[in-house]
Amino acid sequence: MASGNATVKNVISGDTVLLVGGAPAGQKPPEMQISLAGVRAPRLAIPGGEDEPFAFEAKEYLRKMVIGKPVSFKITGDRNNRQFGTVTFEGADLAETMVTAGYARADGDSDALQALTEAAQAAKQGMFQPVTANAVRKIATSDNFDLPGFASKFEGRKLNALVEYVMHAGCVKVLIMPQGKSSTYISAVIFMTGIVAPKVKGRAADGSEQAEPYAHEAKHFLELRCLGREVELRLEGTDQYGNLFGTIYHPKGLIVHHLLMEGFCKISEASAKKMEEPAKLRECMKKAQASKKRIWQNHVVTEVTGEKEYMAKVIEVSSGDCIIVKPLNQTEEKRLYLASLRAPKLARRPDAQDDPWAFEAYEFCRKKLAGKKVKVVIDFQRPPFETATGNAPPPSDASGNMHYATMYYEGGKTNLNVELVKQGLVALQYHRAEDDRADCYDDMIEAERVAKDKKVGIHSTKAPPVHRVINLLGPNNSSRAKSFTESMKRSGQMDCIVEHVFNAGRFKLRVPSQNAQVSFALAGVKAPATARPGRPGHDEPYAHESTAWAREMVMQRDGVACVVHQSDKGGNFIGQLLVRNESSKWVDYAELMLAEGCGHTQDFSLQGMANANTLLAIEKKAQEAKKGQWAHREAVQTEVEESVAESLGVVAISHVENAGLFYIQRASLEPKLTELMSKIAAAEGSCGDASTATRGNVVLAQFSADGCWYRAKVENKLIGGKVKVFFIDFGNSEEVQASTLKALPANLDTKHFPVGCIACSLSALTISRQHPDEAAACLVEALGDGTYPLFAYAEKKTSGGGRAVLLYYSSKEPSGDTVNAELLKYGHASLDKWAQSKEQAVLARAQETAKRGRVGMWAYGEGDDDDEDMY
């Protein structure tokens, strides 16, 4: 017969116990149910039945004595699939102990047990005392009792209960003790609030058990600590199916905390918010993740690289959940995403509509943050993910990660994330248990509950506000914009919001008093500009620096106003921009811009301005102090054109950027270019590192299409350790890793080998903006991809070195048909009527052909507006 030592795992009745032995970690320990030989205790009820008198008291007497305690046992026989034997606790036979207490009687031929039974009966011990109404336990179950109603009545209260059965680590059957004057016990199945535990899902078709990883181990962990134990149960409501949820308070704390810390389960966001301190759940789970316990053995702990907490200045509010800041100890802007939030989307196209409440979320952030200092706490970082359209959101750092943060304003006292949720302006992002989230996530859960109760914002049952703004942007709205000019001039100084900075002197404004969006340029001054599509040339010096300064000064801030002087043919409003300084006085923004060296005056537009002399004096002072752009050059030269008559000879097209910008290489310089390429190939292997090259530096870069090395100018530093380079001998650009750049040998610089290509546009033509792709395709076809000989004749030359050319289909002289006429003939360009081209008459006839045929831009009888398009 079997015998040994074990631990009492559970007490089934007054004469039956469940024993458990030891086992290696991760394995299911052996169990044995044994009934005490020679005795019989009162029987507990089967489902739907009734206890024998004192049956529950007998079980409780034995449970309180031995549950969780070590015992020795010996099997003496079996009957009806039950094993019988002796169980000894602290040297005493449990059968004798139970009979002596009167909670069992002799059931056999043992004279000793029979004598003990008679003694207990004579003393009216236990089951032998007079039977009263309370001797039989009254049990309420879901079959005869309103459990959801009971849970609602006692929600949030702690009740005494006994754990009778563990279904799995997240679900137990309990017996709730009588409440108040009631004598009824309530039997209920309780799902653990706040966790999702592994479970056994049944058996497969072949009979094998289908258990989730760690299901048995987790169940055993819970059984050893709770099964057969008296606990405190906090009821926390029901779900839509009537299942009861609650928290079990173990003497050593919440049992779910221990399950989480041991890596047996994950957090359930749906129910965690019902608990008293849901934040502690995440602390416990993080400990398991950090230790890689059990279900987290393959978990990758994400560490925040760089500063986790810093002060910053808000530069731009992109949306209700995306803020662009500049850390106070850095010079570069950083895009941050508010952690665990999802804001309604703002429309990004003129013909689209904002999502409901998107504008309110944007405005709340703009008014609270724009231009102000905030405290940033990075909660987590992760690589960008593709959206439904296949595009990934912009990253936050050079490694390509997005930074998710909690932001504090008003001196670091107010949590922006929580406030947005509380106002009902954003939705709380629900995470999987293993996902990173905001540290203040539980505060946001509570804020969401408050917002839903108050029915504010996105939780409101009322129709959302509708915002309609008059769009006066771009040449397509130029006629409409002109009709507003006189009204705006009469209005004088108008408050406005700078919604976009094109450069330090040109802006997109929202003017609330006019309910309009306008394009606005400063009168009398000009700022360095970045390269614009369809134009030869590149960024003007100091363009990025001056634009960054302007963004920091006026972007989205309150305390900005405009005064309209006039509008141009393109519908761009021209005038003054005013900003309120720290003394609450209005200051001319143009004066501040010139003082910082972020722009220069323009003689022709200064005429008639009352403060022209002031602007000139400020500009001169900045020049003398070498502020801003003046630190790099003595005088600013705007990109001006001069008329020339220059024969460039036979050329090859090296790159087509678009219909208004392409690059040529002169055939006469081909031997020099071939020599350069040969010397680069021979030297690149021994060239030094140029990974720290800055904008404007000429280096060697490898072109991805052929793997060869070419001279390239660094244009911009990009996210992910990349830089944008411009191949100066061919005209194309590419993004490359900065670490791959190599230093250019001195004997191969532009002094020894001039730049090999020339930026060009087609002389006398304005490219159609209606169908730019078709125009570019037409140009590529007209150029013939080397099939036709081309002869270039320049009629204008820019100060940047670009040319406006006539391209002849000729290999000897500038005569015959031109590419210029081809684009006009197919309606992909219009003729500049003020141009004085040597082929003006021929080009005019080509345009008339397109007009009569109603092709391209003339399909509806009118071409593009020839005004400049800022957008």
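Residues numbered from 1 in each chain as written. Predicted model: local features only at pLDDT ≥ 70, side-chain atom pairs only at ≥ 80, totals over all residues. Heavy atoms only, no water.

## Brief notes about the overall build of the protein
- In terms of regular secondary structure, the protein is built from 20 helices and 49 strands.
- With respect to the three principal axes, the spread of C-alpha positions in the protein is 135 × 65 × 60 Å.
- Within the protein, contacts between residues separated by at least 24 positions form 61% of all contacts whose residues are at least 6 apart in sequence.
- Working note: accessible area of the protein is about 42,800 Å², and carbon and sulfur atoms make up 49% of it.
- If you average the places of the 107 positive and of the 109 negative side-chain charges in the protein, the two averages end up 4 Å apart. (Helix = DSSP H or I, 4+ residues; strand = E, 2+ residues; numbered from the N terminus. Contact = heavy atoms within 4.5 Å. Areas by Shrake-Rupley, 256 points an atom, 1.4 Å probe, with all protein chains shown as cover. Lys, Arg positive; Asp, Glu negative; His and termini not counted. Charge placed at Lys NZ, Arg CZ, Asp CG, Glu CD.)

## Observations concerning the pairing of strand S43 (residues 733–737)
- The alternating pattern of S43 places Glu-734 and Val-736 on a buried face and Ser-733, Glu-735 and Gln-737 on a face that is not buried.
- The sheet contact formed by strand S42 (residues 722–727) and S43 spans five bridges and is antiparallel. If you follow Phe-726 over to S43, its bridge partner there is Ser-733. (Buried < 20%, exposed > 50% of the residue type's maximum accessible area, 1.4 Å probe, protein only. Pairing = 2+ DSSP bridges.)

## Observations concerning the environment of Lys-69
- Inspection of the secondary structure puts Lys-69 in the loop between helix H1 (55–66) and strand S5 (70–79).
- Through-space distance from the C-alpha of Lys-69 to that of Pro-356 is 63 Å; in sequence the pair is 287 residues apart.
- Beyond its immediate chain neighbours, meaning those up to four positions away, Lys-69 contacts Ala-6, Thr-7, Val-8 and Phe-89.

## Side note on the packing of aromatic side chains
- Within this structure, the stated rule accounts for 16 aromatic pairs.
- A centroid spacing of 4.8 Å and a plane angle of 15 degrees characterise the contact between Phe-380 and Tyr-404, whose relative ring orientation is stacked. Here the residue Phe-380 occupies a position in strand S24 (residues 373–382), and Tyr-404 occupies one in strand S25 (residues 402–409), the gap between them amounting to 24 residues.
- Using a relative accessible area of 3% as the deciding quantity, one classes Phe-380 as buried.
- Ring pairing ties together the aromatic residues Phe-703, Tyr-710, Phe-727 and Phe-730, which thus form one cluster.
- For the cation-ring pair, Arg-225 lies above Phe-221, with the distance from its terminal atom to the ring centre recorded as 3.6 Å.
- If you follow Lys-274 out to its NZ or CZ, it ends over the ring of Phe-245, 5.2 Å from the centre. (Phe/Tyr/Trp six-rings, centres within 6.5 Å; stacked < 30°, edge-to-face > 60°. Lys NZ or Arg CZ within 6 Å of the ring centre and 35° of its normal.)

## Overview of helix H13 (residues 543–554)
- Given a rise of 1.5 Å per residue, 12 residues ought to cover 16 Å, and the 17 Å separating the end C-alpha atoms of H13 matches this to within 8%.
- Turning to H13, its buried residues are Ala-543, Ser-546, Thr-547, Trp-549, Ala-550, Arg-551 and Val-554.
- Of the residues flanking the end of H13, it is Gln-556, one or two places downstream, whose phi is positive at about 60 degrees. (Expected span 1.5 Å × (residues − 1).)

## Focus on the pattern of salt bridges
- What the rule picks out here adds up to 39 salt bridges.
- The partner of Lys-422 in a salt bridge is Glu-419, and the shortest N-O contact between them spans 3.7 Å. Linking Lys-422 with Glu-419, this pair stays in helix H10 (residues 416–422), spanning three residues, or about one helical turn.
- Looking at Lys-422, the relative accessible area reads 35%, which means it is partly exposed.
- If you follow the salt bridges from partner to partner, you end up with Glu-363, Arg-366, Glu-499, Arg-510 and Asp-558 in one network. (Salt bridge = Lys/Arg side-chain N within 4 Å of Asp/Glu carboxyl O.)

## Here's the deal with the nonpolar core
- The biggest cluster of nonpolar side chains holds 46 residues, and the ones touching the most others in it are Val-163, Val-172 and Ile-248.
- Setting aside chain neighbours within four positions, we find Val-172 in contact with Val-163, Tyr-165, Val-166, Met-167, Ala-188, Val-189, Ile-190, Met-192, Leu-222 and Ile-248.
- Counting 44 residues, the second largest nonpolar core, distinct from the first, contains Cys-365, Tyr-409, Val-418 and Val-421. (Core = buried A, V, L, I, M, F, W, Y, C linked by side-chain atoms within 4.5 Å.)

## Description of the state of the cysteines
- Under the counting rule described, the total for this entry stands at zero disulfides.
- Not engaged in a disulfide, the cysteine Cys-226 finds its nearest cysteine sulfur in Cys-265; these two sulfurs lie 12 Å apart.
- The closest cysteine sulfur to the non-disulfide-bonded Cys-365 is located on Cys-322, 10 Å from its own sulfur.
- Judged by relative accessible area, which is 0%, Cys-365 ranks as buried. (Disulfide = S-S within 2.5 Å.)

## Quick notes on the packing of helix H8 (residues 278–291) against helix H11 (residues 441–454)
- Contact geometry of H8 with H11 gives a least axis separation of 8 Å together with a crossing angle of 150 degrees. One finds that H8 runs roughly antiparallel with respect to H11. Relative to H11, H8 is oriented so that their crossing is right-handed. Contacts from Pro-278, Ala-279 and Arg-282 of H8 reach H11 at Tyr-441, Asp-442 and Ile-445.
- For the contact of H8 with H11, a count of residues per class yields four nonpolar, no polar and two charged. (Axes fitted to C-alpha atoms, helices over the stretch in contact; angles between N-to-C directions. Parallel < 35°, antiparallel > 145°, perpendicular 65-115°, else oblique. Left-handed = near helix turned anticlockwise from the far one by under 90°. Nonpolar A, V, L, I, M, F, W, Y, C, P; charged D, E, K, R; others polar.)

## Things to note about the environment of Ala-92
- Along the chain, Ala-92 falls in strand S7 (residues 92–93).
- Taking the C-alpha atoms as reference, Ala-92 lies 62 Å from Lys-452; in sequence the two are 360 residues apart.
- Other than its neighbours up to four places away in sequence, Ala-92 contacts Val-87 and Thr-97.

## Considerations on the sheet that holds strand S41 (residues 709–717)
- If you walk across this open sheet you meet the five strands as S43-S42-S41-S40-S44, and the pairing is antiparallel. At either end of the open sheet lies a strand with only one pairing partner, and these are S43 and strand S44 (742–743).
- Against the sheet, helix H17 (residues 670–683) touches strand S40 (698–702) and S41, its axis set at about 80 degrees to S41.

## A short note on the confidence of the model for the protein
- Averaged over all residues, the pLDDT of the protein equals 89, while 95% of them reach at least 70.
- Taken as a whole, residues 634–638 scores under 50 in pLDDT and shows eight contacts with residues more than four places along the chain or in a different chain. (pLDDT = per-residue confidence, 0-100.)

## Focus on the pairing of strand S32 (residues 516–522)
- Of all seven residues in S32, seven are buried; the element is thus mostly enclosed.
- The alternating pattern of S32 places Ala-516, Val-518, Phe-520 and Leu-522 on one face and Gln-517, Ser-519 and Ala-521 on the opposite face, and all of these are buried.
- Pairing of strand S28 (residues 470–471) with S32 involves two bridges; the strand directions are parallel. Paired with Asn-471 across the two strands is Gln-517, which belongs to S32.
- Bridge count between strand S31 (residues 506–511) and S32: six bridges; the pairing is antiparallel. Among the inter-strand pairings, Arg-510 is bridged to a residue of S32, identified as Gln-517.
- Linking two consecutive strands that pair antiparallel, namely S31 and S32, is a turn of four residues; a positive phi of about 50 degrees is found at Asn-515 within it.
- Of the pairings in the sheet, the one linking S32 to strand S35 (residues 573–580) comprises three bridges and is parallel in character. In the strand pairing of S35, Ala-521 is matched with Ile-574.

## Notes on the side chain of Glu-448
- Within the element layout of this structure, Glu-448 appears in helix H11.
- Of the side chains with opposite charge, Lys-452 comes closest to the buried, unpaired Glu-448, at an N-O distance of 4.0 Å.
- Excluding its chain neighbours within four sequence positions, the residues that come into contact with Glu-448 are Val-421, Leu-428, Tyr-430 and His-459.

## A word on H8
- Over its 14 residues, H8 runs 21 Å from end to end, which matches the ideal 20 Å to within 8%, given 1.5 Å per residue.
- Those residues of H8 not exposed but buried are Pro-278, Leu-281, Arg-282, Cys-284, Met-285, Ala-288 and Gln-289. Viewed end-on, H8 has its buried residues packed into an arc of 165 degrees, placing them on one side of the element.
- Tucked inside the fold, the buried residues of H8 contact helix H6 (255–261), strand S19 (266–267), helix H7 (269–272) and H11.
- Note on H8: the residue one or two positions beyond its end, Lys-292, has a positive phi of about 55 degrees. (Arc of directions from axis to C-beta.)

## Observations concerning a nonpolar patch on the surface
- Together, Tyr-165, Met-167 and Val-189 line one region of the surface with nonpolar side chains, adding up to about 250 Å² of accessible area.
- For Met-167, the location among the structural elements is in strand S10 (residues 158–168).
- Given a relative accessible area of 34%, Met-167 falls into the partly exposed group. (Patch = residues over 30% accessible without salt bridge, like charges linked within 9 Å, V, L, I, M, F, W, Y side chains within 5 Å.)

## Observations regarding unusual backbone geometry
- With a phi angle near 55 degrees, Lys-124 is a residue other than glycine that sits in the positive phi range.
- Structurally, Lys-124 can be placed in the loop between helix H3 (111–122) and strand S9 (138–140).
- Residue class for Lys-124 comes out exposed when judged on its relative accessible area of 53%.

## Observations concerning the environment of Lys-367
- Here Lys-367 shows up in helix H9 (residues 358–369).
- Distance from Lys-367 to Gly-685, taken between C-alpha atoms, is 55 Å for residues 318 residues apart in sequence.

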